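# Breakdown of the fold
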Amino acid sequence: MLTLSIIKADTGGFVGHSAVHPDMMAEARREIDRASASGLIIDGHVASCGDDISLIMTHTYGVDAGLIHSFAWDTFRNTTRIAKELGLYGAGQDLLSDAFSGNLRGMGPGYAELEFEERPSEPVICFLADKTEPGAWNLPLYKIFADPFNTAGLVIDQKMHAGFGFEVYDLYEEKRIVFDCPADLYDMLMYIGAPARYVVHGVRSKTLGETAAATSTQRLSLIAGKYVGKDDPVMIVRCQSGLPAVGEVLEPFAFPYAVAGCMRGSHHAPFLPVPVEQAHPSRFDGPPRVVALGFQIHDGKLIGPRDMFADPAFDRAREQANEIMDYFRRHGPFEPHRLPLSELEYTTMSTLTKQLANRWTPMTTVIATPVG
Ligand code: 13P
Ligand code: 13P
Ligand code: MG
Ligand code: MG
Ligand code: MG
Ligand code: MG
Ligand code: MG
């Protein structure tokens, strides 16, 4: 069995929260080369989206493997060191703990991992996002694996017609459920339509019995109990031969749907599909970005990547996203651009509640008319 892991962290931004410094990328690549040379991993690729570094790795240790997670942790410690040397912004931002213990669960870095038997041809897409939360994958996963208006194969491919099982996490109560789609479609949408709380963790083909997709599902603010930046999630989707075709997997991103994140992690903004070289959110620390790296995996080797959104067919989504961004921005501090109070990552509300306690009075109180 082969495992494909994407492990990612923001260990410092260049400039502000917009990108990763080239010296940090070089350090991560040196580490990945060392890990391939030593035989820890079969192959690896270092990529970034915004200020987050992703280590994309193939290996044979399975998911949640201590050896692989501790390698990623050490690599992120090294890139943090460089970020500190250069005085980069938020050095070590996503490393929430001082010491590694066992695996990365609850430690800050995000990870999506899939274990599978490599098929004769194994096309996968690795999606990396910046300035948003893991629930951002809910809408495209629904479209890819459950919406026949997106995915023709659900109707016309014999191996897809039976549908897919969706594993959904409730991040507030730390419990999970599997929805059997299409039968459970309407039930599932009641939950995953609320992506701040309910997040699709994985998708499985009913016909093939194979896991087709995995996402990183942690929410940093729920781990840390305070705002420490957005989660900037990643996702792996396997394609073709009874799973959705590559074009069906990319298609949802032709619609720049609104996600939570952007400035201070506290605003709705359109999700902008971009080529790798444009994955550097600047305007209002956004709009949130998504890149898609395509690989063919062969004998465990990552053949690629191909930069899948470097395609003029996504230009219209990009134009639309810019219009939507203008529209949202003009709301300034008003919802629905600003997130509802319960979801704000930054807030002055608790201080204000104390400060203004005496000035709030019952609505029946007569307030003296201001002089003038
Ligand atoms: P496969 O069944 O070979 O994956 O064919 C799907 C396809 O490539 C259509 O675009
Ligand atoms: P990151 O999670 O990408 O560091 O973003 C933090 C932020 O607050 C941007 O305004
Ligand atoms: Mg950052
Ligand atoms: Mg980030
Ligand atoms: Mg972040
Ligand atoms: Mg073909
Ligand atoms: Mg074919």
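Every value quoted in this text rests on a predicted model; they were computed, and no experiment measured them.

## Notes on the coordination of the magnesium ion (ligand 5)
Protein-derived coordination of the magnesium ion (ligand 5) comes from Lys230 (O) and Asp232 (OD), at a distance range of 2.1 to 2.2 Å. A separation of 4.9 Å is found between the magnesium ion (ligand 5) and the magnesium ion (ligand 3). By relative accessible area, which is 4% here, Lys230 ends up buried. By relative accessible area, which is 3% here, Asp232 ends up buried.

## Notes on the packing of helix H3 (residues 138-146) against helix H5 (residues 185-192)
With their axes 11 Å apart at the nearest point, H3 and H5 run at an angle of 165° to one another. Of the possible angle classes, the one that applies to H3 and H5 is roughly antiparallel. Handedness of the crossing formed by H3 with H5: right-handed. Residues Asn138, Tyr142 and Ala146 of H3 touch H5, and the partners they reach there are Leu185, Met188, Leu189 and Ile192. For the contact of H3 with H5, the per-class residue count stands at 6 nonpolar, 1 polar and no charged.

## As for the site of ligand 1
Ligand 1 sits among Gln240, Ser241 and Ala245. Contact distances for ligand 1 include 2.5 Å between an oxygen atom and a side-chain N or O atom of Gln240.

## Quick word on the UniProt feature "active site" (unreviewed entry) in the chain
Mapped onto this numbering, the UniProt entry gives "active site" (unreviewed entry) at Asp10, Tyr227 and Lys230. With the annotated positions falling across 221 residues, the maximum pairwise C-alpha distance of 13.8 Å places them together in a single cluster. Tracing the chain through its elements places Asp10 in the loop between strand S1 (2-9) and helix H1 (22-37). Relative accessible area serves as the criterion here: at 1%, Asp10 is assigned to the buried category. Beyond its immediate stretch of four places on either side in the chain, Asp10 contacts His17, Asp51, Asp52, Gly90, Gly92, Gln93 and Asp94. Only 2.9 Å separates the side chain of Asp10 from the backbone nitrogen of Gly12, close enough to count as a polar contact. Here Tyr227 lies in the loop between helix H6 (220-224) and strand S10 (234-238). Assessed through its relative accessible area of 23%, Tyr227 is described here as partly exposed.

## Here we look at the site of ligand 2
Taken together, 15 residues lie around ligand 2, and Gln93, Lys131, Tyr227, Lys230 and Asp285 are the ones closest in. Here an oxygen atom of ligand 2 sits 3.1 Å away from a polar atom, N or O, in the side chain of Asp130. Here Asp232 contributes a side-chain N or O atom positioned 3.1 Å from an oxygen atom of ligand 2. In the complex, 97% of the free accessible area of ligand 2, which totals 310 Å², lies under the protein chains. For the shell around ligand 2, the residue count by class is 3 nonpolar, 4 polar and 8 charged.

## As for the environment of Pro275
Structurally, the position occupied by Pro275 is in the loop between strand S13 (272-273) and strand S14 (289-298). Residue Pro275 is classed as buried on the basis of its relative accessible area of 8%. The sequence separation of Pro275 and Ala310 amounts to 35 residues, and the corresponding C-alpha distance is 4.7 Å. Apart from residues no more than four positions distant in its own chain, Pro275 is found in contact with Val291, Asp307, Phe309, Ala310 and Arg318.

## Focus on the domain arrangement of the chain
Segmentation of the chain into domains returns domain 1 (1-116) and domain 2 (120-350). Overall, the association of domain 1 and domain 2 removes approximately 2700 Å² of surface from exposure, summing both partners, and the carbon and sulfur fraction of that is 70%. The three residues of domain 1 that bury the most area against domain 2 are Cys49, Leu114 and Phe116, which together make up 21% of that side's buried surface. Counting across the domain 1 and domain 2 interface gives 1 salt bridge. Here Asp51 makes a salt bridge to Lys131, at a shortest N to O gap of 3.6 Å. At the boundary of domain 1 and domain 2, one finds 7 residue pairs in polar contact (both at pLDDT 80 or more). Contributing elements (two or more residues each) for the side of domain 1 that touches domain 2: S1, strand S2 (43-49), strand S3 (52-59) and strand S4 (110-116).

Cut-off values and rules
Residues numbered from 1 in each chain as written. Chains lettered and ligands numbered in written order. Predicted model: local features only at pLDDT ≥ 70, side-chain atom pairs only at ≥ 80, totals over all residues. Heavy atoms only, no water. Donors = N, O, S within 2.8 Å, 3.2 Å for Na, K, Ca; no water. Buried < 20%, exposed > 50% of the residue type's maximum accessible area, 1.4 Å probe, protein only. Axes fitted to C-alpha atoms, helices over the stretch in contact; angles between N-to-C directions. Helix = DSSP H or I, 4+ residues; strand = E, 2+ residues; numbered from the N terminus. Parallel < 35°, antiparallel > 145°, perpendicular 65-115°, else oblique. Left-handed = near helix turned anticlockwise from the far one by under 90°. Contact = heavy atoms within 4.5 Å. Nonpolar A, V, L, I, M, F, W, Y, C, P; charged D, E, K, R; others polar. Near = heavy atom within 4 Å. Polar contact = N/O pair within 3.5 Å; in protein donor to acceptor, adjacent residues only side chain to side chain. UniProt positions renumbered as here; feature names shortened; annotations may be inferred. Areas by Shrake-Rupley, 256 points an atom, 1.4 Å probe, with all protein chains shown as cover. Domains from an automatic or database assignment. Buried area = accessible area lost by both parts, 1.4 Å probe. Salt bridge = Lys/Arg side-chain N within 4 Å of Asp/Glu carboxyl O.

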